[in-house]
Amino acid sequence: MDETKPRYGVDAYLDWVAKEGLPVAEDFGIDLFAVETAPWPRCGDGVKAAAVHLKGRGDFANMFVLDIPPGGATAPQRHLYEEVVYVLEGTGSTQIESGDGSKRSFEWGPRSLFAIPLNARYRHFNGSGRARTLLVSTTDLPLVMNTFHDERFVFDTDFEFVSRAGKSAYFAGEGDLITVRPGNHMWETNFVPDLASIELKSWGDRGAGGTNIMFVLADGTMHAHISEMPVGTYKKGHRHGPGFHVMCVTGHGYSLLWYPGEKDFRRIDWRHGVVFPPADQQFHQHFNASREPARYLATGVGGLRYPLTQQNRRSLVGAKPGEKPAVSLGVKEGGDQIEYEDQDKRIHALWLAEMKKNGVVPRMEKYFPDGGAAATEAAE
Ligand SMILES: [Fe+2]
């Protein structure tokens, strides 16, 4: 640091990333399998990592990609930022140590999801002697580091957040279903063994047979939810605040993203390993283009239990008691969702062309009784 220069406009998080020597991948859509990693001494011998910064991600969230070598493990860590981990590749286990010295371990594999309870000491172990494991975590470190801008406080505080550990069964893959309303049902746990097979609940408002479940992980503020689109369907467009990281879990498809008034859409094609951001108030719409149900995971900062911001409260919970979440309410009613009949005509035409190309039978006739002919015509 040059002591002669005035210090202002500091981003303590970005300064820290540079100091750690982490490569940074920055873009709208990123293939996490292709992210360049480098040794991260903080995490121990042989462990490589990178920071992932989605464009338009807002101020609170980031991602780390963690590559643990065959037979390797991370050095013990603890920190005052929350972390939701998704397993991209490989098998292994994570050991969580409580303040009283008791240890709990759980075993994960591809498409597992889990959270590290705030400031708990933990280690990840690669369970294979031959293959690497690739983990991606979404964290609120940018928020925490920019708030305290003191690395020692963030990584060396020994306060125990006793209430965050949750029930022992939460580390065994069990959980509690908390029924709220369609779209807002929550599954409280610390560990989901397989996001591809967890049972989802119907979310009629978002359209076309879609299902979802919201997670409360380690009683944290981080957001995580999973949604599924049946074969031959797509969801309604909507918008909300920044910081959500959308990752495909099963199937493949694409999303269109656009700002109000923009003439063209940004298109992102996705499959397992791709992450992309709906940026702040950017409309986005997800389309299943595959022959199997497409599931995607969304992570971020601010969940249903602890929305953190008024913007999240309005989007996810409802601005006032009894009010619908804005993401489930049509734009014409003051919400942030675009009903099928109000969407840009090009959207359905593009999707029909994708269905044809992929040999998938469209299942949207309930919403487009003429088979989409009108929409296609209007777009030509
Ligand atoms: Fe969204």
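Residues numbered from 1 in each chain as written. Predicted model: local features only at pLDDT ≥ 70, side-chain atom pairs only at ≥ 80, totals over all residues. Heavy atoms only, no water.

A. Main features of the coordination of the iron ion. Coordination of the iron ion by the protein is provided by His238 (NE2), His240 (NE2) and His284 (NE2), with metal-donor distances spanning 2.1 to 2.2 Å. On the primary sequence, the residues serving as donors to the iron ion are separated as H-x1-H-x43-H. With His238 in strand β18 (residues 237–238) and His284 in strand β23 (residues 283–288), the pair connects residues that are 46 residues apart, well separated along the chain. With relative accessibility at 6%, the residue His238 sits in the buried group. (Donors = N, O, S within 2.8 Å, 3.2 Å for Na, K, Ca; no water. Helix = DSSP H or I, 4+ residues; strand = E, 2+ residues; numbered from the N terminus. Buried < 20%, exposed > 50% of the residue type's maximum accessible area, 1.4 Å probe, protein only.)

B. How the structure looks around the side chain of Lys235. Along the chain, Lys235 turns up in the loop between β17 (222–229) and β18. Comment: no salt bridge for buried Lys235; closest opposite-charge side chain is Glu228, at 10 Å. There is a polar contact of 3.3 Å between the side chain of Lys235 and the side chain of Ser227. (Lys, Arg positive; Asp, Glu negative; His and termini not counted. Salt bridge = Lys/Arg side-chain N within 4 Å of Asp/Glu carboxyl O. Polar contact = N/O pair within 3.5 Å; in protein donor to acceptor, adjacent residues only side chain to side chain.)

C. A look at the sheet that holds strand β8 (residues 103–108). An order of β8-β7-β10 is seen for the three strands of this open sheet, with the pairing classed as antiparallel. Where the open sheet ends on each side, the last strands, each with one partner, are β8 and β10 (121–126). Across this sheet, the average inter-strand angle for adjacent strands is 20 degrees, counted without regard to direction. Sheet topology places strand β7 (residues 92–97) next to β10; six bridges connect them, and they run antiparallel. Among the inter-strand pairings, Ser93 is bridged to a residue of β10, identified as Phe125. (Pairing = 2+ DSSP bridges. Axes fitted to C-alpha atoms, helices over the stretch in contact; angles between N-to-C directions.)

D. Quick look at helix α5 (residues 345–358). Here α5 is 14 residues long and its end C-alpha atoms lie 21 Å apart, about the 20 Å a rise of 1.5 Å per residue gives. Capping the start of α5 is the job of one residue whose side-chain oxygen sits 2.8 Å from the backbone nitrogen of Arg346: Asp344. Where α5 ends, the next residue or the one after it, Gly359, has phi of about 65 degrees, a positive value. (Expected span 1.5 Å × (residues − 1).)

E. How the structure looks around the packing of aromatic side chains. Taken as a whole, this structure holds 23 aromatic pairs when the rule is applied. Both rings, one in Tyr81 and one in Phe155, keep their centres 5.8 Å apart while their planes meet at 75 degrees; by these two values the pair is edge-to-face. Of this pair, Tyr81 sits in the loop between β5 (62–68) and β6 (83–89) while Phe155 sits in helix α3 (residues 151–155); the two residues are 74 residues apart in sequence, bridging distant segments of the chain. Both residues of the pair, Tyr81 and Phe155, count as buried. Taken together, the ring pairs connect Tyr234, Tyr254, Phe287, Tyr340, Trp351, Tyr367 and Phe368 into an aromatic cluster. Here the guanidinium or amino end of Arg42 rests over the ring plane of Phe155, the centre of that ring lying 3.9 Å away. Sitting over the ring of Tyr254, Arg267 keeps its end group 4.3 Å from the ring centre. (Phe/Tyr/Trp six-rings, centres within 6.5 Å; stacked < 30°, edge-to-face > 60°. Lys NZ or Arg CZ within 6 Å of the ring centre and 35° of its normal.)

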